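Commentary on secondary and tertiary structure
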Protein chains: 2
Amino acid sequence: MDDVTAFGALIRQERKAQGLRQDELAAASGVGLRFLVELERGKPTVQFGKALAVLAALGCRVDVVRPGRQPG
Amino acid sequence: MDDVTAFGALIRQERKAQGLRQDELAAASGVGLRFLVELERGKPTVQFGKALAVLAALGCRVDVVRPGRQPG
DNA sequence: CAAAAAATTTCCCGATCGGGACAATAGACC
DNA sequence: GGTCTATTGTCCCGATCGGGAAATTTTTTG
């Protein structure tokens with residue numbers, strides 16, 4: 001997980017796994033449909049907070065693993 | 001790890017742990033100093049891709065844990 | 001394969017805001 | 001006071017975001 005396209009792909013994958021349409025997930029996340037389209041496409045300039053809101057709406061947790069430490 | 005302020009705090013913590021100044025990390029990440037200041041402060045509207053670039057420059061890996069799955 | 005239905009993507013528009021450089025300011029520490 | 005780091009103000013071009021609908025692609029169905 002290092003670039004934005006990977007996030008986009010994962011979000012799309014998880015959205016489909018949950019049987020949601022783009023407009024449904026967008027509404028549930030509090031973002032616009034166009035934003036979600038761009039996020040799933042891997043647009044790097046999307047807003048950080050909104051991207052996190054989408055992940056939260058999907059029930060995803062984000063872990064940052066620092067070099068030399070255990071996940072937490 | 002659910003909101004932008006948590007990311008900002010973690011980034012600052014890790015930057016200091018690595019003995020870097022803000023301008024050094026900003027340069028190493030390819031972002032402006034102002035961006036890094038805002039990121040560490042938890043500004044939610046910063047660009048996603050740049051935030052990931054900073055994490056990458058710190059050597060941090062980002063895992064997204066999907067509900068009901070193992071990390072990967 | 002064709003037609004229909006569903007889902008996704010693009011377009012239009014402009015108010016809003018990001019974030020770059022640079023300099024000035026504020027803390028911290030000795 | 002002197003020095004180093006962090007933060008903020010200003011200027012300002014260019015990009016983001018959104019809502020709704022059209023256009024396109026994908027999926028379903030006969």
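In this text the structure is predicted, and so the values were computed from the model without any measurement.

**Thoughts on the pattern of salt bridges**
- Per the counting criterion, the structure on display carries 16 salt bridges over all chains.
- Note that R66 of chain B is salt-bridged to E14 of chain A, the shortest N-O span being 2.9 Å. Here R66 of chain B is found in the segment after β1 (61-65), whereas its partner E14 of chain A is found in helix α1 (residues 4-17) on a different chain. Assigned by exposure class, R66 of chain B and E14 of chain A land together as buried.
- One salt-bridge network, in which partners are shared between bridges, spans R12, R15 and E40 of chain A.

**Here's the deal with the protein's contact with DNA strand C**
- The environment of DNA strand C is formed by 19 residues, the closest being R12, Q22 and R41 of chain A together with T45 and K50 of chain B.
- Of all DNA strand C atoms lying within 4 Å of any protein atom, the proportion belonging to sugar or phosphate reaches 85%.
- With respect to DNA strand C, the side chain of K43 of chain B contributes an N or O atom lying 3.4 Å from a phosphate oxygen.
- Going through the elements one at a time, α1 and α3 (33-41) of chain A together with α3 (33-41) of chain B are the ones with two or more residues in the surface near DNA strand C.
- Here the surface near DNA strand C takes 4 residues from α3 of chain A, the largest share from any one element.
- In the surface near DNA strand C, the residues fall into 5 nonpolar, 4 polar and 10 charged.

What counts and what doesn't
Residues numbered from 1 in each chain as written. Chains lettered and ligands numbered in written order. Predicted model: local features only at pLDDT ≥ 70, side-chain atom pairs only at ≥ 80, totals over all residues. Heavy atoms only, no water. Salt bridge = Lys/Arg side-chain N within 4 Å of Asp/Glu carboxyl O. Helix = DSSP H or I, 4+ residues; strand = E, 2+ residues; numbered from the N terminus. Buried < 20%, exposed > 50% of the residue type's maximum accessible area, 1.4 Å probe, protein only. Near = heavy atom within 4 Å. Polar contact = N/O pair within 3.5 Å; in protein donor to acceptor, adjacent residues only side chain to side chain. Nonpolar A, V, L, I, M, F, W, Y, C, P; charged D, E, K, R; others polar.

Read these as spatial facts, not as claims about activity.
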